[in-house]
Amino acid sequence: MIIEPIVNGVVARSAHPIGCQQAVLNQIETVEHSSQITNGPKKVLVLGASSGFGLASRISLAFGGAQADTIGVSFERGPSDKGVGTAGWYNNIYFRQEAEKRGLIAKNFVGDAFSSEMRQQVIDYIKSEFGGKVDLVVYSLATGVRPDPESGHLWRSAIKTVGEPVSGPTINIEHDKLESMEVGTASAEEMEATIKVMGGEDWQSWMEILSDADVLAHGCKTVAYSYVGPEVTYPIYHHGTLGRAKQHLHHTADELNQKLATLGGEAYVSVCKALVTKASVFIPAFSPYILSLFKVMKQKGTHEGCIEQMQRLFSQRLYGTGASVPVDEARLIRVDDWELEPETQAEVSQLMQQMTADNFQEVGDYSGYKLDFMQLNGFGFDNVDYNARIDMDNLALLRP
Ligand code: NAI
């Protein structure tokens, strides 16, 4: 069959397997030609490994100097009579194939990372086939729902404000339009649910279970990802439900850091740059900021994608030759430093003030934003023949 892109609003309903392979290969090439990770980890567990920052972390750690064996956990769907499957499904497959070519272990677990069964499967695998211990745990899950491990009740996150509602323009990728929308204020229940889903509780639970099972190596590190952003985005992000959840994540890092000290280990949150991922396109009223940011950072030559961010994180912050991991006064690793440069932000806010529904494609980097979105789903690569027929029967035989 010929696979066409199908986009509803900001959700991709199809993915191109060969394009996903190309995306993985491109990221591998990027890290192979970047400043390499030294003194890196060798046995890594990545929770949320199939796309965005988690996939980029895994590629960076395997191919960017550390040559790490990796276990990746993700929630993805393979091909079936309902469709071709998700991009992350193919990312897992092609990552594993490339890692195995280099003699690295790349084990994929596809299922619910919140479940106790998944924790047990991962622990059993570490003990029986992965050398018994991991020396880095990357926590990069992004989702809208999390089941309560005790009752099974589903917490649903709500991307809302705290205090006042905010109205602002947001991108509709399907129709190439900037539409205005209002982001309402969160109820106490929505706030609590968002913290449950996107805060640090599940990360903490994973680390405790791994520690109790004695599969954390001496000196083991763990890192989770956060966003802070400039003041102009505070009402919708930093001061909204997502920001509250991230504050919880930051506190969790401090608690985990204390607990890991007995093992000589460390826990960090890395604050990353705003980028187009499957998760971030859902943040309402945020796209005008990203369009302006991309435009300015590309002009200045400081733009990075997920893969460049993760390679910089692992080669220059979390590992390397420094005696300690460089952090800010809140003990956060900042790879959003280039995004937040004052000159960059001054230019970004000028562009945001000029942006309207009629001119957003010229004022902001809409073509770059949309290309990133399409490429997340395997579309838009010059060297992939999108008219070639894809043999789905053969693809269905590929296992993650
Ligand atoms: P993403 O949507 O690209 O990746 C999410 C990953 O989580 C995927 O591998 C998915 O399969 C996995 N996942 C979701 N639910 C799961 C479940 N129940 N069980 C197993 N796996 C599951 O998201 P992205 O953007 O890479 O987000 C990762 C982290 O980075 C999040 O904490 C996010 O807040 C943070 N971050 C994102 C930024 C952005 O601009 N995209 C900026 C700064 C931080």
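Residues numbered from 1 in each chain as written. Predicted model: local features only at pLDDT ≥ 70, side-chain atom pairs only at ≥ 80, totals over all residues. Heavy atoms only, no water.

As recorded in an unreviewed UniProt entry, the protein goes by Enoyl-[acyl-carrier-protein] reductase [NADH] and comes from Vibrio thalassae. Quoted verbatim from the Function (unreviewed entry) field of UniProt, the annotation for the protein is "Involved in the final reduction of the elongation cycle of fatty acid synthesis (FAS II). Catalyzes the reduction of a carbon-carbon double bond in an enoyl moiety that is covalently linked to an acyl carrier protein (ACP)." The UniProt entry for the protein carries this comment under Sequence similarities (unreviewed entry): "Belongs to the TER reductase family." (UniProt positions renumbered as here; feature names shortened; annotations may be inferred.)

Participant: Sorry, what's going on with the pairing of strand E6 (residues 134-139) here?
Facilitator: Consecutive residues of a regular strand have side chains that alternate between opposite faces of the sheet. Counted residue by residue, E6 has six buried out of six residues, so it is predominantly covered. Across five bridges, E6 lies against strand E11 (residues 216-226) in parallel orientation. Among the inter-strand pairings, tyrosine 139 is bridged to a residue of E11, identified as alanine 224. (Buried < 20%, exposed > 50% of the residue type's maximum accessible area, 1.4 Å probe, protein only. Helix = DSSP H or I, 4+ residues; strand = E, 2+ residues; numbered from the N terminus. Pairing = 2+ DSSP bridges.)

Participant: Explanation requested: the site of the ligand in the structure shown.
Facilitator: In the neighbourhood of the ligand, 30 residues make up the surrounding shell, with Ser50, Ala113, Lys246, Leu275 and Thr277 lying closest. Between glycine 111 and the ligand, the recorded distance is 3.3 Å, taken from a backbone N or O atom to a nitrogen atom. Taken by itself the ligand offers 830 Å² of open surface, and the protein chains cover 94% of this. In terms of residue class, the shell around the ligand is built from 14 nonpolar, 11 polar and five charged. (Near = heavy atom within 4 Å. Polar contact = N/O pair within 3.5 Å; in protein donor to acceptor, adjacent residues only side chain to side chain. Areas by Shrake-Rupley, 256 points an atom, 1.4 Å probe, with all protein chains shown as cover. Nonpolar A, V, L, I, M, F, W, Y, C, P; charged D, E, K, R; others polar.)

Participant: Whenever I open this one, the pattern of salt bridges confuses me. Can you help?
Facilitator: Where charged atoms of side chains with opposite charge meet at close range, the side chains can pair. In the structure shown here, the tally under the stated rule is 22 salt bridges. The partner of aspartate 214 in a salt bridge is lysine 133, with the nearest N and O atoms 3.0 Å apart. Here aspartate 214 is found in the loop between helix H6 (201-212) and E11, whereas its partner lysine 133 is found in the loop between helix H4 (116-129) and E6, with 81 residues between them in sequence. Across the pair lysine 300 and glutamate 343 runs a salt bridge whose closest N-O atoms are separated by 2.8 Å. Here glutamate 343 lies in helix H10 (residues 342-354) and lysine 300 lies in helix H8 (residues 287-300), a separation of 43 residues in the sequence. Taking relative accessible area as the criterion, lysine 300 reaches 30% and is therefore assigned partly exposed. What makes glutamate 343 exposed here is its relative accessible area of 54%. (Salt bridge = Lys/Arg side-chain N within 4 Å of Asp/Glu carboxyl O.)

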